[in-house]
Amino acid sequence: MADHSQRPADQLFTERTPRVVAASKLLRAAGRRKAGLFLAEGSNAVTSALEAGLVDELFVTEEGAERYPELLTARVAYVTDRAMRGLSDTVTPPGIVAVCRALPQAVVPDGARLVAVPVDVAEPGNAGTVIRVADAVGADAVLLAGDAVDPMNGKVVRASAGSVFHLPVVQERDAAAAIVQLKDSGLTVLATAADGEVSLDDADDLLAGPTAWLFGNEAHGLPGQLQALADHRVAIPIRGRAESLNLATAASICLYASSRVQNRG
């Protein structure tokens, strides 16, 4: 049951209240590492965090409490609108933020058939979108390889719409080692490449088996040495005049293609 000891009529926490000050430090990576906590903002993320059993505390505005009464199932502290803005990295805060315990250390599960591997992904929105797409198509894990953004970054959590709580999100700074491990686990590793020797249109036989997709980062794509470690390089046909596809879009197309083949009746 919700703890309503801080009812709005009694007290609204402000941006200077120690619990709010402590929580606001979780907007920074150093604060998250020190506390072993992170923030999940908005109804989708908070719902998923509650279902995962990772919520320590909820901060809500009076309006947020009225909008999301079904979410007030953890320790609740009511805050002013100004305090909520200090807990949010959005222009228009949704009025509810959860303080969550760190995501458990994850590994790619045995028997995985579909894994998304963004490499050196720096943009939180792209990382969160890939996690969300992987969740939507039924992938078994997302492996953030190389110099990647923190999956507990608030923008990643928000862009994932709660999917960071739904499937394993693995971190491995050594991208080459990650690829070797995936291959040793029986996964065929496919690298997206504009000049790939295999067209995605002709890749159904490859996609039918256990597959890990490598996606290069936003600025530089996938390094040649990592492409060389892959089993195949796959090109997404572009039939219009667009020069290229961004990371999240390419990942969406490839992961859906794998899911479609693997889930045929």
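Counting restarts for each chain, with residues numbered from 1 along the sequence as it is written. Reporting of local features is limited, given that this is a predicted model, to residues whose pLDDT is at least 70; pairs of side-chain atoms are given and counted only at 80 or more, and all residues count toward the totals for whole chains, interfaces and linings. Derived side-chain values reflect all non-hydrogen atoms in the structure, with water molecules and hydrogen atoms excluded from consideration.

Named according to an unreviewed UniProt entry, the protein chain is RNA methyltransferase, TrmH family originating from Tsukamurella pulmonis.

Asker: Account for helix H11 (residues 247–262), naming residues and giving values.
Answerer: Each helix is a run of DSSP H or I of at least 4 residues and each strand a run of E of at least 2, with the numbering of both proceeding from the N terminus. Here, expected helix span is obtained from the residue count minus one, scaled by 1.5 Å. Spanning 16 residues, H11 covers 22 Å between terminal C-alpha atoms, matching the ideal 22 Å at 1.5 Å per step. Burial classification: accessible surface area is computed with a 1.4 Å probe over protein chains only, and a residue below 20% of its type maximum counts as buried, one above 50% as exposed, and the rest as partly exposed. Looking at H11, one finds that the buried residues are Leu247, Ala248, Ala250, Ala251, Cys254, Leu255, Ala257, Ser258, Ser259, Val261 and Gln262. For H11, the secondary structure elements touched by its buried residues are strand S6 (114–118), helix H6 (124–137), strand S9 (188–192), helix H9 (204–207) and strand S11 (211–215). Note on contacts: a residue pair is in contact if any heavy atoms of the two residues lie within 4.5 Å.

Asker: I'd like a rundown of the nonpolar core, residues and numbers included.
Answerer: Core analysis: the biggest nonpolar cluster contains 56 residues, and Leu58, Cys100, Phe165, Trp213 and Leu255 have the highest contact counts within it. With near-sequence residues (within four places) excluded, phenylalanine 165 lies in contact with Phe38, Ala40, Ala45, Ser48, Ala49, Ala52, Leu54, Cys100, Leu103 and Val157. Joining through side-chain atoms within 4.5 Å is the link that ties buried Ala, Val, Leu, Ile, Met, Phe, Trp, Tyr and Cys residues into a set, and such a set is a nonpolar core.

Asker: Residue-level account of the UniProt feature "domain: RNA 2-O ribose methyltransferase substrate binding" (unreviewed entry) in the protein chain, with values.
Answerer: UniProt positions are given in the numbering used here, feature names are shortened, and annotations may be inferred rather than shown by experiment. If you check UniProt for "domain: RNA 2-O ribose methyltransferase substrate binding" (unreviewed entry), the listed places come out as residues 39–106 in our numbering. End C-alpha to end C-alpha, residues 39–106 measures 19 Å, and it is 31% helix and 28% strand.

Asker: Lay out the side chain of serine 48 with the relevant residues and their values.
Answerer: Tracing the backbone through its elements, the reader meets serine 48 in helix H3 (residues 43–51). Of the residues examined, serine 48 reaches a relative accessible area of 6% and is grouped as buried. We call two N or O atoms a polar contact when they sit within 3.5 Å, provided that within protein one can donate a hydrogen and the other can accept it, with sequence-adjacent residues counted only if both atoms are side-chain atoms. A polar side-chain atom of serine 48 sits 2.9 Å from a polar atom in the side chain of histidine 166. Residues in contact with serine 48, not counting those within four places in the same chain, are Gly162, Phe165 and His166.

Asker: Which residues make up the pairing of strand S5 (residues 96–101), and what are the values?
Answerer: Summarising burial for S5: five of the six residues are buried, a large majority. Pairing between two strands is assigned when DSSP locates at least 2 bridges connecting them. Pairing of strand S2 (residues 37–41) with S5, which is carried by five bridges, proceeds in the antiparallel orientation. Paired with phenylalanine 38 across the strands is cysteine 100, a residue of S5. Bridging between strand S3 (residues 55–60) and S5 involves five bridges; their strand directions are antiparallel. Note on S5: the bridge partner recorded for leucine 58 is alanine 98.

Asker: Account for the pattern of salt bridges, naming residues and giving values.
Answerer: Note on pairing: side chains with opposite charge can pair once their charged atoms come close. Should a side-chain nitrogen of Lys or Arg be within 4 Å of a carboxyl oxygen of Asp or Glu, the pair is scored as a salt bridge. All told, the structure shown has 16 salt bridges when counted by the stated rule. For glutamate 57, the salt bridge is made with arginine 19, and the minimal N-O distance between the two is 2.3 Å. Remark: arginine 19 occurs in helix H1 (residues 18–24) and glutamate 57 occurs in strand S3; sequence separation between them is 38 residues. The class of arginine 19 is partly exposed, set by a relative accessible area of 26%. A salt bridge links arginine 173 to aspartate 147, with the nearest nitrogen and oxygen atoms 3.7 Å apart. Here the residue arginine 173 occupies a position in the loop between strand S8 (169–172) and helix H8 (175–184), and aspartate 147 occupies one in the loop between strand S7 (141–145) and helix H7 (154–159), the gap between them amounting to 26 residues. Given a relative accessible area of 64%, arginine 173 falls into the exposed group. Taken together, the shared-partner salt bridges in this structure form one network comprising Glu15, Arg16 and Arg82.

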